Amino acid sequence: MGKATVSYGRNLIGAAFLFLAACATQPGEISDPLEVPNRFMFAINQTVDLLVVRPVTVTYRDWVPAPVQRALTNFLNNLGEPVTAINEVAQGEPERAAKTVGRFLVNSTAGLLGLFDVATDMGLAPTKEDFGQTLGVWANSPEDGGPYLVLPLLGPSNVRDAVGLLVDNLIDPFSIAGRRLNVEYLLWARAVMTGIDARTRTLQALDDIEKNSLDFYAAVRSAYTQRRASMIRTKGDPAKATTAEIDAATKVALVR
Amino acid sequence: MVRATIDSAAVTTSYRAPIPSQFGSKLPAMKSSLARRPLGLRVIAIIGLLLMSAAPARAQDAGAFIDGVARQVLDMLRQGVSDSQREATLRSVLRTNFDLPSMGRAALGNYWSKTTPDQQKRYLAAIESAEVRAYSDRLRQYGGQSLKVVRQTPGPGGATLVDSQIVQPGGQQVVRLVWEVRKEGGRFLVTDVSIEGVSMVLTRRSDFNAYISRNGGNVEPLIAELERRAGK
């Protein structure tokens, strides 16, 4: 399946697809050897979401004043900056790491412990990198994160990103300090708020996927894998987006 | 940084002049609470109006095409149409500007060859209704978002990737949207849309393939289910 085959006209896409499908391993397919337990966990998560997470999130979104929500988002993001900086160093991006450290210092002081994102106004745009992305940056294919996993409460993941979560937790200065000082309850509070904050941002997208899919589990699995691959490719820099995505898009074209 | 590039580039294009750049803020925000809602698929793609094209020649044409589609949809939304009117307009917009048969074929993947011509016909009809319904749903709660074309780059197989952003009226969050556009018989057609890196066609294909293999590798249950949903 050399790239020379890409130069067909659009009319030939169907025919090309038939040919390529015969010799290519389906790029759209994601390694999911644990599909049965994953689907089981997915169902449990859906129930917990319906009964607890979603109602709490919707209440939070609709009743807490917008400036308060923004301040909380900023605060949580600020707590995440050290992990992002470490990962940026690990990704070979020292300049971006320096910017992230700068953001952290500015926002923690002038931004009143991170409640206000004054760094963005100063031209230091936020970035977010986790160890799963770092592993992906150094791996051959951002699409391949190892076997797909559905984690309890946390939802879609894969071996790469689950390892990443663990490592991020181990290297996070705030988590380390929290455990040393025996104030684990603060870490739990932070985790809960992070979860609610993140859920407000996925409400619409997930509702849309659920409504427009026949197999919600499979659609989420695909969307999650693509999203993570895109984040790894662009390294959080939207300016790199299109060109970096051409590679991915080429793969798409190959299967058509 | 991106914005600065766009603004300087926009001076050289002819698209800026006819479109009031603050148009988005004049649009009726249907419910104020909606305007501050986090972004998702609902504020998708075609809610666009502002095009600032940065690349020359072929690519610029593709950007203008996306701008045209976006404006057509936006004009409709501004008039405040009924559900059925919106659906009818979107059906014609999708039919003329999206290559739905090619998207449908791609979404079926391997299984396309295993379906009879009759099944293919029914499938394509059902998928068209599904798309129309999906877009119509997303645009029901329009909150004054605008679409800004950032740039165009050559894509695979002669396609052009039109990079755009959905901008919220508040201006805080931005959703990245890439349109895969191909020229067919002298006119442009959209062959895929990616939202924050998630391709609609790829996601559909995973979804459909899973559904088919869970139904013993038969395409018929998928078509029947799509038809059932289209008929609702």
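Residues numbered from 1 in each chain as written. Chains lettered and ligands numbered in written order. Predicted model: local features only at pLDDT ≥ 70, side-chain atom pairs only at ≥ 80, totals over all residues. Heavy atoms only, no water.

Colleague: I'm lost on the overall build of chain A in this one. Help?
Modeller: Secondary structure summary: chain A contains eleven helices and two strands in total. Starting at the N terminus, the α and β elements of chain A follow one another as α-α-α-α-α-α-β-β-α-α-α-α-α. Across chain A, every contact between residues at least 6 apart in sequence was considered, and the portion connecting residues at least 24 apart equals 65%. Carbon and sulfur atoms provide 70% of the accessible area of chain A, an area that totals close to 13000 Å². (Helix = DSSP H or I, 4+ residues; strand = E, 2+ residues; numbered from the N terminus. Contact = heavy atoms within 4.5 Å. Areas by Shrake-Rupley, 256 points an atom, 1.4 Å probe, with all protein chains shown as cover.)

Colleague: Would you mind showing me how to read a nonpolar patch on the surface here?
Modeller: Residues and elements named next belong to chain A. Together, Phe 40, Ile 44, Val 48, Leu 50, Leu 51, Val 52, Val 56, Leu 153, Leu 154 and Leu 165 make up an exposed nonpolar region whose accessible area comes to about 980 Å². At seven residues, the largest contribution of residues to the nonpolar patch is made by helix α2 (residues 35-63). Inspection of the secondary structure assignment puts Val 56 in helix α2. (Patch = residues over 30% accessible without salt bridge, like charges linked within 9 Å, V, L, I, M, F, W, Y side chains within 5 Å. Salt bridge = Lys/Arg side-chain N within 4 Å of Asp/Glu carboxyl O.)

Colleague: How should the pairing of strand β1 (residues 148-151) of chain A be read in this particular structure?
Modeller: The side chains of a regular strand alternate between the sheet's two faces. Residues and elements named next belong to chain A. Every second residue of β1 is oriented toward a common face, with Tyr 148 and Val 150 on one face and Leu 149 and Leu 151 on the other, all of them buried. Strand direction decides the pairing type here: β1 and strand β2 (residues 155-158), joined by four bridges, are antiparallel. Directly across from Leu 149, in β2, lies its bridge partner Ser 157. (Buried < 20%, exposed > 50% of the residue type's maximum accessible area, 1.4 Å probe, protein only. Pairing = 2+ DSSP bridges.)

Colleague: Looking at this model, I keep getting lost on the packing of aromatic side chains. Mind explaining?
Modeller: Each aromatic ring pair is characterised by the separation of its centres together with the angle its planes make. The tally for this structure, following the rule as stated, stands at ten aromatic pairs over all chains. Taking 6.5 Å as the distance between ring centres and 70° as the angle between the ring planes, the aromatic pair formed by B:Phe98 and B:Trp179 counts as edge-to-face. Note that B:Phe98 is positioned in the loop between α5 (83-97) and α6 (100-108) and B:Trp179 in strand β4 (residues 174-184), a separation of 81 residues in sequence. With respect to class, B:Phe98 is no different from B:Trp179; both count as buried. The rings of A:Phe42, A:Tyr148, A:Phe216, A:Tyr217 and A:Tyr224 are connected pair by pair, giving a single aromatic cluster. (Phe/Tyr/Trp six-rings, centres within 6.5 Å; stacked < 30°, edge-to-face > 60°.)

Colleague: How do you make sense of unusual backbone geometry when you look at a structure like this?
Modeller: Backbone geometry follows two general trends: most residues other than glycine have a negative phi, and most peptide bonds adopt the trans configuration. Residue and element names in this part refer to chain A. Positive phi, close to 50°, is recorded for Leu 112, a residue that is not glycine. When you line up the elements, Leu 112 lands in the loop between α4 (94-109) and α5 (118-121). Accessibility expressed as a relative area gives 51% for Leu 112, which makes it exposed. The backbone phi angle of Leu 113 is positive, close to 60°, even though this residue is not glycine. Summarising the element assignment, Leu 113 is placed in the loop between α4 and α5. By relative accessible area, which is 60% here, Leu 113 ends up exposed.

Colleague: What is the right way to look at the packing of helix α9 (residues 184-211) of chain A against helix α10 (residues 216-234) of chain A in this model?
Modeller: For any two helices packed against each other, the geometry is given by the interaxial angle and the distance between the axes. Residue and element names in this part refer to chain A. Orientation of α9 relative to α10, taken along the N-to-C sense of each, is 135°, at an axis distance of 9 Å. Considering their axes alone, α9 and α10 lie oblique with respect to each other. Judged by the sense of rotation from one axis to the other, the crossing of α9 with α10 is right-handed. On α10, the residues that touch Leu 206, Ile 209 and Glu 210 of α9 are Phe 216, Ala 219, Val 220 and Ala 223. (Axes fitted to C-alpha atoms, helices over the stretch in contact; angles between N-to-C directions. Parallel < 35°, antiparallel > 145°, perpendicular 65-115°, else oblique. Left-handed = near helix turned anticlockwise from the far one by under 90°.)

Colleague: Got a minute to help me understand the packing of α10(A) against helix α8 (residues 200-214) of chain B in this structure?
Modeller: Closest axis-to-axis distance for the α10(A)/α8(B) pair is 8 Å, and the angle between their directions is 145°. Along this stretch, α10(A) crosses α8(B), giving a crossing that reads as right-handed. Judged by residue contacts, A:Ala218, A:Ala219, A:Ser222, A:Ala223 and A:Gln226 of α10(A) engage B:Leu202, B:Thr203, B:Ser206, B:Asp207 and B:Ala210 from α8(B). Classifying every residue of the contact of α10(A) with α8(B) by side-chain character gives five nonpolar, four polar and one charged. (Nonpolar A, V, L, I, M, F, W, Y, C, P; charged D, E, K, R; others polar.)

Colleague: Sorry if this is basic, but what is going on with the pattern of salt bridges here?
Modeller: Here the idea is simple: oppositely charged side chains can pair when their charged atoms come close. Under the defined criterion, the tally for this structure stands at 35 salt bridges over all chains. Notably, a salt bridge pairs A:Arg190 with A:Asp172, separated by 2.8 Å at the nearest N-O pair. Here the residue A:Arg190 occupies a position in helix α9, and A:Asp172 occupies one in the loop between α7 (159-171) and α8 (173-180), the gap between them amounting to 18 residues. Pair check on accessibility: A:Arg190 and A:Asp172 agree, each one buried. Note that B:Glu220 is salt-bridged to B:Arg122, the shortest N-O span being 2.9 Å. You can see B:Glu220 sitting in helix α9 (residues 220-231) and its partner B:Arg122 sitting in helix α7 (residues 117-138), a full 98 residues away along the chain. According to the relative accessible area criterion, B:Arg122 is partly exposed, its value standing at 23%. One continuous salt-bridge network, built from bridges that share partners, spans A:Asp32, A:Glu35, A:Arg39, A:Asp215, A:Arg221 and B:Arg214.

Colleague: Help me understand the side chain of A:Glu81, please; the structure alone is not making it clear to me.
Modeller: Within the element layout of this structure, A:Glu81 appears in helix α3 (residues 66-90). Dropping the residues within four chain positions of it, A:Glu81 is found in contact with A:Thr100, A:Arg103, A:Phe104 and A:Thr127.

Colleague: Any chance you could explain the nonpolar core here in plain terms?
Modeller: Generally speaking, nonpolar side chains in soluble globular proteins are found buried as a group. All names here are of chain B. If you look at the biggest cluster of nonpolar residues, it comprises 45 residues, and the most contacted ones within it are Ile 66, Phe 98, Leu 177, Trp 179, Val 181 and Val 193. At nine residues, the largest contribution of residues to this core is made by helix α4 (residues 57-79). If sequence neighbours within four positions are ignored, Ile 66 has contacts with Leu 147, Val 149, Val 162, Trp 179, Val 181 and Val 190. Listed in part, the 15 residues of the second largest apolar core include Trp 112, Tyr 123, Ile 127 and Leu 226. (Core = buried A, V, L, I, M, F, W, Y, C linked by side-chain atoms within 4.5 Å.)

Colleague: I keep staring at the confidence of the model for chain B and nothing clicks. Help me out?
Modeller: Close reading of the predicted structure is inappropriate where its pLDDT is low. All names here are of chain B. Taken as a whole, chain B shows an average pLDDT of 74; of its residues, 73% reach a score of 70 or greater. Scored below 50 in pLDDT, residues 1-59 shows 139 contacts in the model against residues more than four places distant or in partner chains. This prediction of the complex comes with two scores: 0.77 for pTM and 0.77 for ipTM. (pLDDT = per-residue confidence, 0-100.)

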